[in-house]
2 protein chains.
Amino acid sequence: MATLFTGIKQLLTFAGDLSPRAGAAMRETGLVKNAAVLVEGGVIEAAGPRAAVARHRLAKKARVVETGGICLPGFVDSHTHMVFAEPRLKDFSMRTAGATYQQIKAAGGGIISSIGAVRGQALKPMAAQLARRAARFLECGTTTAEVKSGYGLSLDSELKMLRAVRDAKKLTPLELLPTLLAAHSVPPEFNGDARKYLDYVTAEILPKAAAEKLAVFADIFCEKGYFTPEQTTAYLKEAARLGLRPKVHSEQLSNYGGTRAGAAAGAVSADHADHVYAEDIAAMRDAGTIAALLPASNYYLGLNKFPPARELIAEGVPVALATDFNPGTCPCWNMQFVLSVACTHCAMTPEEALCAATVNGAWALGIGDRCGAVIPGLQADLAFFDADDYRELAYYFGGNQCSLTVKKGRIVHAKK
Amino acid sequence: MATLFTGIKQLLTFAGDLSPRAGAAMRETGLVKNAAVLVEGGVIEAAGPRAAVARHRLAKKARVVETGGICLPGFVDSHTHMVFAEPRLKDFSMRTAGATYQQIKAAGGGIISSIGAVRGQALKPMAAQLARRAARFLECGTTTAEVKSGYGLSLDSELKMLRAVRDAKKLTPLELLPTLLAAHSVPPEFNGDARKYLDYVTAEILPKAAAEKLAVFADIFCEKGYFTPEQTTAYLKEAARLGLRPKVHSEQLSNYGGTRAGAAAGAVSADHADHVYAEDIAAMRDAGTIAALLPASNYYLGLNKFPPARELIAEGVPVALATDFNPGTCPCWNMQFVLSVACTHCAMTPEEALCAATVNGAWALGIGDRCGAVIPGLQADLAFFDADDYRELAYYFGGNQCSLTVKKGRIVHAKK
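This is a predicted model, so every value here is computed, not measured.

1. Examining the interface of chain B and chain A
Frequently, the measure chosen for interface size is the accessible area removed from exposure when the parts meet.
Link 1 in the chain: Between chain B and chain A, the residue contacts involve 50 residues of the former and 50 residues of the latter.
Link 2 in the chain: Roughly 4,300 Å² is buried in total at the junction of chain B and chain A, and carbon and sulfur atoms are behind 61% of that figure.
Link 3 in the chain: Considering only the side of chain B, the residues that lose the most area to chain A are Y299(B), Y395(B) and F397(B), jointly responsible for 20% of the buried surface there.
Link 4 in the chain: Among the ionic pairs, K415(A) bridges to E139(B), the shortest N-O distance being 2.9 Å.
Link 5 in the chain: One can count 24 residue pairs in polar contact (both at pLDDT 80 or more) joining chain B with chain A.

And the structure:
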């Protein structure tokens, strides 16, 4: 049976070509006032002015849900590290009490603690925990999220993380797209030998993840002390050869060349981009690589510098926003907060931020042809918010305004 | 009938003397694991280890609510501007698009727009709107909030704002404590003559607000271009003479002397404190004035400087945290986000932040003898969170972890 979501004060359709949005097009929200969305079989049948949608042949017998408020495409969160065994509460307490990162590391904290915890966790509780976390994303209006491995850093534990994503899909309606991030860091047993570890990843982990179809993407952390631009390009090309679409963590801590290295390998997105220069921006634009910005982590780390969204937009690079949800540098699952920090700290307009969190988020996952906009024929992934004006979603911050979440036509979260 | 909230993983009681907490005492949370809280008649009867509470004579026949998670005293938000007619979305859009504050002002934005909107709004919709906002506070675990006037700046409109608070009390279970902030700014019709306007406030508004018992507190914005320290002390002393407890907005934009001026008048709290020096801190400590910090506004404004919580705590001043919820500089109603920003940007520990948001928040309103802690005999104002460790409330950010809110023993919010 069809469902008619109606009484919507403002609907942002982001209707238009099925393509990433760049420049001024990021401000074109496709706003419809007093709107309705008709869905059937998990697909959007019609979306637009209430009266027009009501005349659709399926509208007569549809179940009617009077939603009020604001309707958007469900958020597409293109960058998360949602699988981890434990929050890093001890690190957090040490940091607030004045400890340096070196002191936290010396106390067994940092990524090492996440690696130990993930290696020690069994698959089943890992998947169950992931599904519980997924519920928090859904209740904040996110309908699709990428999930990275990268806290195992061994064949078994990296595959376990990816299998947890696979298994969690049966436990949550949140759509999860897995990314192999075995090249996240060099695990302690390799004593800092990044080349040797990357050879191991390339020979052992990558082919198995590809053969078992456990990952859609391959990602690598290109940074001083981690993996070089040369290693990044070679690794991502090999991943692409095996059918995994390249992504890259680049220019997060310094300008090191990761963005260009990723673009050279055809990366679908280059993520963070805090320290990009003109040549990195040009490389992204020319390669069709989306810039996925993660400013909530800058907030959490107390940084004064934020990703240069304005320069990227001015140069015609499609910008996406994602949470970077992870236990070390960004314990935030709410895309609404990312809208806030993008507007208040990256000078993005509410319209640009909303586009970046939906349409361009979908394109950062290569799935903008099936979700990220409210267009007939696309997946019926919708998020509704208790507000009168869509700008309130970026203006009010620190809370959750989502009242209803719809995934493939089904109500998967409803605030009572 | 009594209610037994049980199965609590961690209960923070903040038990101890009924007094503001300063220095190391701010880290004493009174943590009880596997705990229960028994309430009857709106009052806490017992709180502590589950087994011990279960032996209480009233526990046998009590309604049992298995909550799990974390239990805290409900947040006491000691500084809000929760009455306003419209969110300042146009200002927000202009700011993100690069407009300066002067340009926003020239376009009719800033506080002037809030004044116009409040003057034009009728009492009844104002009260109804306030009650709807109150629901958002409740769902985030806040059980008591102060509410300031200050967007009317005329006799009628200031009293209307305070009457809206009075009337909203019948529409929401959130406990609201009204503050007269007629001395917020100089309204346009006084052409910048602060002295003349303050004389008018003192002669016309203050006595009427006091006579009708519309406000518990009187507050004033002491800052260059607003009201001087001398005016602040004199005004607050007159307010105190009429039965309104003094509060002060001070040292927000510069070091100007407002904190000392407030302390000299016996202010219960001095709020903001971004630019306090040693002599201001000493004045607060000596006068028993609470420092109410509002760091969420610093986040929203994109400032690099945050209130110096560590210095205040080191010098023995009790620190409270509040949202500063308002349409211009802090559209945030969630005290959980304030915990986050206090820990990540003010170097407060999670324990200090939680104390500042509960016990010391209550003392910033002079009501720490009846709420702000989970102690037998106090109001049964409780907030429950879906977490395993209380530190998660400050660690995860940008969302709402509150699962259940109890006001005077009654469940007033439950996440389904």
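2. Here's the deal with the side chain of Q129(A)
Residue and element names in this part refer to chain A.
Link 1 in the chain: For Q129, the position within the fold is in helix α5 (residues 123-139).
Link 2 in the chain: Within the local environment of Q129, its side chain forms a polar contact with the backbone oxygen of A85, the two atoms lying 2.9 Å apart.
Link 3 in the chain: Once residues within four sequence positions are removed from consideration, Q129 is found in contact with F84, A85 and Q121.

3. Points about the sheet that holds strand β11 (residues 269-272) of chain A
All names here are of chain A.
Link 1 in the chain: Here eight strands make up an open sheet; going across it, the order is β6-β7-β8-β9-β10-β11-β12-β13 and the pairing parallel. The open sheet has two free edges, formed respectively by β6 (75-77) and β13 (319-321), since each of these has just one partner strand. This sheet shows a mean twist of 25° between the axes of neighbouring strands, independent of strand direction.
Link 2 in the chain: Pairing of β11 with strand β12 (residues 290-293) involves three bridges; the strand directions are parallel.

4. Re the layout of surface pockets
Link 1 in the chain: Roughly 1,100 Å³ of internal volume is contained in the largest pocket.
Link 2 in the chain: In this structure, the largest pocket is lined by 41 residues; those nearest its centre are R88(B), Y101(B), Y226(B), Q252(B) and T329(B).
Link 3 in the chain: A per-element tally of the lining of the largest pocket places helix α11 (residues 295-301) of chain B first, with four residues.
Link 4 in the chain: Within the lining of the largest pocket, the residues separate by chemical class into 16 nonpolar, 18 polar and seven charged.
Link 5 in the chain: By volume, the second largest pocket is sized at about 870 Å³.
Link 6 in the chain: What lines the second largest pocket is a set of 33 residues, and nearest its centre among them are Y101(A), Q252(A), L301(A), G328(A) and T329(A).

5. Remarks on the packing of aromatic side chains
The description of an aromatic ring pair rests on the distance of the ring centres and on the angle between the ring planes.
Link 1 in the chain: Using the criterion set out here, one finds 44 aromatic pairs over all chains in the structure.
Link 2 in the chain: Considering the side-chain rings of F75(B) and F385(B), the 5.8 Å spacing of their centres and the 55° angle between planes classify their relative orientation as tilted. Taken together, the residues F75(B) in strand β6 (residues 75-77) and F385(B) in strand β14 (residues 382-385) connect sequence positions 310 residues apart.
Link 3 in the chain: For F75(B), a relative accessible area of 0% puts it in the buried group.
Link 4 in the chain: Look at F385(B) and you get buried, because its relative accessible area is 1%.
Link 5 in the chain: Just above the ring of Y300(A) sits the side chain of R95(A); from NZ or CZ to the centre is 5.1 Å.

6. Remarks on unusual backbone geometry
Link 1 in the chain: Positive phi outside glycine occurs at H272(A), with the angle close to 95°.
Link 2 in the chain: Looking at the element boundaries, H272(A) is found in strand β11.
Link 3 in the chain: The phi angle at E251(B) is positive, at roughly 55°, despite the residue not being glycine.

7. Topic: empty space enclosed by the protein
Residues and elements named next belong to chain A.
Link 1 in the chain: In the structure shown here, the tally under the stated rule is one cavity of 30 Å³ or more.
Link 2 in the chain: Considered as a void within the structure, the largest cavity measures approximately 40 Å³ in volume.
Link 3 in the chain: Together, F14, D17, L18, S19, R21, V359, W363, G368, C371, G372 and A373 line the largest cavity.

8. Here's the deal with the relation of the copies chain B and chain A
Link 1 in the chain: By a simple turn and slide, chain B fits onto chain A: the slide is 0.0 Å along the axis, the RMSD is 0.0 Å, and the turn is 180°. Taken together, these values place the two copies in the relation of a two-fold axis. Considering only C-alpha atoms, the residue of chain B closest to the rotation axis is G398(B), which sits at 2.1 Å.
Link 2 in the chain: Most of the interface of chain B is mirrored in chain A, where 100% of its interface residues are also at the interface.

9. Observations regarding the packing of helix α5 (residues 123-139) of chain B against helix α6 (residues 155-168) of chain B
Residues and elements named next belong to chain B.
Link 1 in the chain: Contact geometry for α5 and α6: axes closest at 8 Å, N-to-C directions at 55°. Considering their axes alone, α5 and α6 lie oblique with respect to each other. Crossing geometry of α5 relative to α6 is assigned as right-handed. The residues of α6 that touch α5, namely those facing L123, M126, A127, L130 and A131, are K160, M161, R163, A164, V165, R166, D167 and A168.
Link 2 in the chain: Across the contact of α5 with α6, the residue classes tally to nine nonpolar, no polar and four charged.

Procedures and definitions
Residues numbered from 1 in each chain as written. Chains lettered and ligands numbered in written order. Predicted model: local features only at pLDDT ≥ 70, side-chain atom pairs only at ≥ 80, totals over all residues. Heavy atoms only, no water. Contact = heavy atoms within 4.5 Å. Buried area = accessible area lost by both parts, 1.4 Å probe. Salt bridge = Lys/Arg side-chain N within 4 Å of Asp/Glu carboxyl O. Polar contact = N/O pair within 3.5 Å; in protein donor to acceptor, adjacent residues only side chain to side chain. Helix = DSSP H or I, 4+ residues; strand = E, 2+ residues; numbered from the N terminus. Pairing = 2+ DSSP bridges. Axes fitted to C-alpha atoms, helices over the stretch in contact; angles between N-to-C directions. 1 Å grid on protein atoms, 1.4 Å probe; cavity = no way out; pocket = protein on both sides within 12 Å on 5 of 7 lines; lining within 4 Å. Points joined across faces, edges and corners; volume = space filled by probe spheres on them. Nonpolar A, V, L, I, M, F, W, Y, C, P; charged D, E, K, R; others polar. Phe/Tyr/Trp six-rings, centres within 6.5 Å; stacked < 30°, edge-to-face > 60°. Buried < 20%, exposed > 50% of the residue type's maximum accessible area, 1.4 Å probe, protein only. Lys NZ or Arg CZ within 6 Å of the ring centre and 35° of its normal. Least-squares fit on C-alpha atoms with pLDDT ≥ 70 in both. Parallel < 35°, antiparallel > 145°, perpendicular 65-115°, else oblique. Left-handed = near helix turned anticlockwise from the far one by under 90°.

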